[in-house]
Amino acid sequence: MTNAGNIQKEMNRIQNSEEIANIFGKLVSGRMGYKAVIDVTKPAPKCEKCGKILEGTEKFCPDCGQPTSFVKK
Ligand SMILES: [Zn+2]
C-alpha cells in the first residue's frame, strides 16, 4: 500500500518552504542563506532591524517600528 497523496502533500510543503530556497541557494552559490532564483525575480522587502517580511509599501515596520528604506519620499 502506497501513500501517494501524502507524498504529494509533502512535496508541496517542501517546495513552499523557505528552507528549500536556502538549500537551493547553497547548492548554487556555496553560501548558506543565499536565495538564488527566487530573490532575483522578486526580492522580499524586509525590515532592516528585525527581519520581518513586509509588503514593500510600509513606511515603518509594524513589528518594531523601524523606518523602512524601500518607500521613497
Ligand atoms: Zn522590524
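Residues numbered from 1 in each chain as written. Predicted model: local features only at pLDDT ≥ 70, side-chain atom pairs only at ≥ 80, totals over all residues.

**Overview of the overall build of the protein chain**
Working step 1: Within the protein chain, the regular secondary structure consists of 3 helices and 0 strands.
Working step 2: Put simply, of all contacts in the protein chain between residues at least 6 apart along the chain, 2% involve residues at least 24 apart. (Helix = DSSP H or I, 4+ residues; strand = E, 2+ residues; numbered from the N terminus. Contact = placed C-beta atoms within 7 Å.)

**Thoughts on the confidence of the model for the protein chain**
Low pLDDT marks stretches whose predicted atomic positions should not be read closely.
Working step 1: This prediction gives the protein chain a mean pLDDT of 78; 74% of its residues lie at or above 70.
Working step 2: Per-element confidence in the protein chain is highest for helix α1 (residues 4-16), whose mean pLDDT is 79, and lowest for helix α3 (residues 37-41), whose mean pLDDT is 56. (pLDDT = per-residue confidence, 0-100.)

**Re the environment of K49**
Working step 1: In this fold, K49 is placed in the segment after α3.
Working step 2: Here the alpha-carbon distance between K49 and G65, two residues 16 residues apart in the chain, equals 9.0 Å.
Working step 3: Excluding residues that lie within four positions of it along the chain, K49 makes contacts with C61, C64 and Q66.

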